[in-house]
Amino acid sequence: MENKIPLVSVIMLTYKHAPYLKQAIEGVLAQKTDFPIELIICNDNSPDYSDAIISEYATRFPDLIRYFNHKENIGFVENQRFAFGKAQGKYLAYCEGDDYWTDQKKLQFQYDFLEANPDYVMVTARNLLFHQDENKFTEDGKDYMFKNQEHIDYTQDSFFVQRPTQTFTYLIRRKFVDLKWIDVYPNYRDLYYFYHALEFGKGRSFNTIVGVYRLHSGGVFSSLENEKKFRTSINIFKNIKKVNNDNRADQQIVKNLDELINKYYYEKEFASPLVNNKLYTAIFERFSISRDWGTGISQLLKIIKYTFTR
């Protein structure tokens, strides 16, 4: 594979992932493909020993690994822009420095599928979750989507209802990842380029496990508390709605608000949900979007019922 233009560019962004990097890099190196790949590792000036680990691998695999260590911390969004801009492949894959692939044929079967199916823009799969602080594995919670099917397809429309996707499992056609959106959306995330890529075709998710997503306090998204996760998702879909005038985003916004409302009912810090202002805010925010009087009233009545029957 020496001196051949890679067909797949694997993007690995890392910041303070030193304890996990070897596992992440080895998961890429273990891939068995009949086409050339490249691994682009972008270290955002990690203050730990990440550089030493990556440099060793880059020296051992100069034809495969392209290593960039920023002299100053530029932040996740700019590191992402930089990495995507360096990619040469027809397809992009992604694995952050704290996650890892376990299926050695992950890239091959996804590549074969996209090559044979030009009407699909991306392909994903399933994964396990590793709870670092508890040292245990769990499933990804997506059984209800697949219902024992070998695969399911998704479109931009179904993207607003449920997403059988996990970023580090995808293979996506690079031509549909338009970097212009980084300057349009605040705090650019994967859901934005998924949304825009799906303008051009379908996605398929295979009911097979290809890797492990690590949940730990240092993760970019996994470290957020549930409340912040829901609020982050709400803001992302509000931005999609605003930028694209796409009211379909309301489906996901309302879903996340319902999850927040349910969480607020049982906040331990409040003696009664009657005094939880965040709960009222979420209920009225939901109503302002859905104009669903029935649900709004039932949610308010639930506050009273729960308060006096607990």
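A brief report on the enclosed structure follows. (Residues numbered from 1 in each chain as written. Predicted model: local features only at pLDDT ≥ 70, side-chain atom pairs only at ≥ 80, totals over all residues. Heavy atoms only, no water.)

**Quick notes on the overall build of the protein chain**
Note the following rule: Helix numbers and strand numbers start at the N terminus; a helix is a DSSP run of H or I with at least 4 residues, a strand a run of E with at least 2. The globule rule is 2.2 Å times the number of residues to the power 0.38, and the radius of gyration it is compared with is taken over C-alpha atoms. Only protein chains enter the accessibility calculation, which uses a 1.4 Å probe; a residue whose area is less than 20% of its type maximum is buried, one above 50% is exposed, and one in between is partly exposed. When checking whether two residues touch, look at their non-hydrogen atoms; a contact exists if any pair is within 4.5 Å. Only the protein chains shown count as cover for residues, and all accessible areas are computed by the Shrake-Rupley method using a 1.4 Å probe.
On a plain count of helices and strands, the protein chain comes out with 10 helices and 10 strands. Against the 2.2 N^0.38 benchmark of 19 Å for 310 residues, the protein chain shows a C-alpha radius of gyration of 21 Å, consistent with a compact globule. Its C-alpha atoms give the protein chain principal-axis dimensions of roughly 70 × 45 × 40 Å. Relative to its full complement of 310 residues, the protein chain shows a buried share of 51%. A sequence separation of at least 24 residues applies to 76% of the contacts in the protein chain between residues at least 6 apart. With an accessible surface of roughly 15,200 Å², the protein chain has 51% of that area assigned to carbon and sulfur atoms.

**Things to note about the packing of helix α1 (residues 21–29) against helix α2 (residues 50–60)**
Filter applied, for reference: What counts as an axis is a line fitted to C-alpha atoms, over the stretch in contact for a helix, and the angles between N-to-C directions run from 0 to 180 degrees. Under this scheme an angle from 65 to 115 degrees is roughly perpendicular, one under 35 degrees roughly parallel, and one over 145 degrees roughly antiparallel; angles in between are oblique. Here is the rule for handedness: rotate from the far helix to the near one, and if that takes an anticlockwise turn smaller than a right angle the crossing is left-handed, while a clockwise turn gives right-handed. Charged residues are taken to be Asp, Glu, Lys and Arg, nonpolar residues to be Ala, Val, Leu, Ile, Met, Phe, Trp, Tyr, Cys and Pro, and polar residues to be all remaining types, Gly included.
Their axes nearest at 10 Å, the elements α1 and α2 cross at an angle of 20 degrees. One way to sum up the angle between α1 and α2 is to call them roughly parallel. For α1 against α2, the interelement crossing comes out right-handed. Residues Leu21, Lys22, Ile25, Glu26 and Leu29 of α1 touch α2, and the partners they reach there are Ser50, Ile53, Ile54 and Tyr57. Counted by class, the contact of α1 with α2 contains 6 nonpolar, 1 polar and 2 charged residues.

**Some words on the packing of helix α7 (residues 226–244) against helix α8 (residues 250–265)**
With their axes 9 Å apart at the nearest point, α7 and α8 run at an angle of 160 degrees to one another. The orientation of α7 relative to α8 falls into the category roughly antiparallel. In this structure, α7 crosses over α8, and the sense of that crossing is left-handed. Contact with α7, carried on its side by Asn226, Glu227, Phe230, Arg231, Ser233, Ile234, Phe237, Lys238 and Lys241, involves Asp250, Gln252, Ile253, Asn256, Leu257, Glu259, Leu260, Lys263 and Tyr264 of α8 and no other residues of that element.

**A look at the pattern of salt bridges**
Going by this rule: Within this document, salt bridges are pairs made up of a side-chain nitrogen of Lys or Arg and a carboxyl oxygen of Asp or Glu, the two lying within 4 Å of each other.
As enumerated under the stated definition, the model contains 17 salt bridges in all. A salt bridge links Arg126 to Asp143; the shortest N-O distance between them is 2.9 Å. With Arg126 in strand β6 (residues 120–131) and Asp143 in helix α5 (residues 143–146), this residue pair connects regions lying 17 residues apart in the sequence. Looking at Arg126, the relative accessible area reads 7%, which means it is buried. Connected via shared salt-bridge partners are Glu78, Arg81 and Asp183.

**Focus: helix α3 (residues 76–86)**
Along an α-helix, residues three or four positions apart point the same way, because every turn accommodates 3.6 residues. The following threshold applies: The arc in question is traced by the directions running from the helix axis to the C-beta atoms.
Buried within α3 we find Val77, Asn79, Gln80, Ala83 and Phe84. Around the axis of α3, the buried residues are gathered within 160 degrees of arc, so they sit on the same side. Its buried side turned inward, α3 meets β1 (8–14), β2 (37–43), β4 (91–94) and α6 (190–197).

**Remarks on the side chain of Asn239**
Mapped onto the secondary structure, Asn239 falls in helix α7. Judged by relative accessible area, which is 19%, Asn239 ranks as buried. Those residues in contact with Asn239, other than ones at most four positions away along the chain, are Tyr185, Pro186 and Tyr192.

**Comments concerning the packing of aromatic side chains**
For any two aromatic rings, the description comes down to two numbers: the centre-to-centre distance and the angle of the planes. Keep this limit in mind: Paired rings are identified among Phe, Tyr and Trp, the last through its six-membered ring, by centres lying within 6.5 Å, and are further divided according to the angle between planes into stacked (under 30 degrees), edge-to-face (over 60) and tilted (the rest).
The full count for this structure, using the stated rule, is 24 aromatic pairs. Ring geometry for Tyr170 against Tyr193: centres 6.2 Å apart, planes inclined by 90 degrees, an arrangement best described as edge-to-face. Of this pair, Tyr170 sits in the loop between β8 (151–154) and β9 (171–173) while Tyr193 sits in helix α6, and the two are 23 residues apart along the sequence. Here Tyr170 matches Tyr193 in class, with each residue buried. On the basis of an interplanar angle of 10 degrees and a centroid distance of 4.0 Å, the ring pair of Tyr185 and Tyr192 is categorised as stacked.

**A look at the pairing of strand β3 (residues 65–69)**
Which entries qualify depends on this criterion: A pair of strands is treated as paired once DSSP finds two or more bridges between them.
For β2 and β3, the ladder comprises 5 bridges, and the chain directions are parallel. Note on β3: the bridge partner recorded for Leu39 is Ile65.

**Thoughts on the nonpolar core**
Our working definition: We define the nonpolar core as a collection of buried residues of types Ala, Val, Leu, Ile, Met, Phe, Trp, Tyr and Cys that are connected through side-chain atoms lying within 4.5 Å of one another.
Core analysis: the largest hydrophobic core is formed by 46 residues, its most contacted members being Ile11, Phe159, Tyr170, Phe237 and Ile240. Once residues within four sequence positions are removed from consideration, Ile240 is found in contact with Phe159, Phe160, Tyr185, Leu191, Tyr192, Tyr195, Asn245 and Asp246. Counting 35 residues, the second largest nonpolar core, distinct from the first, contains Ile37, Ile54, Leu64 and Phe113.

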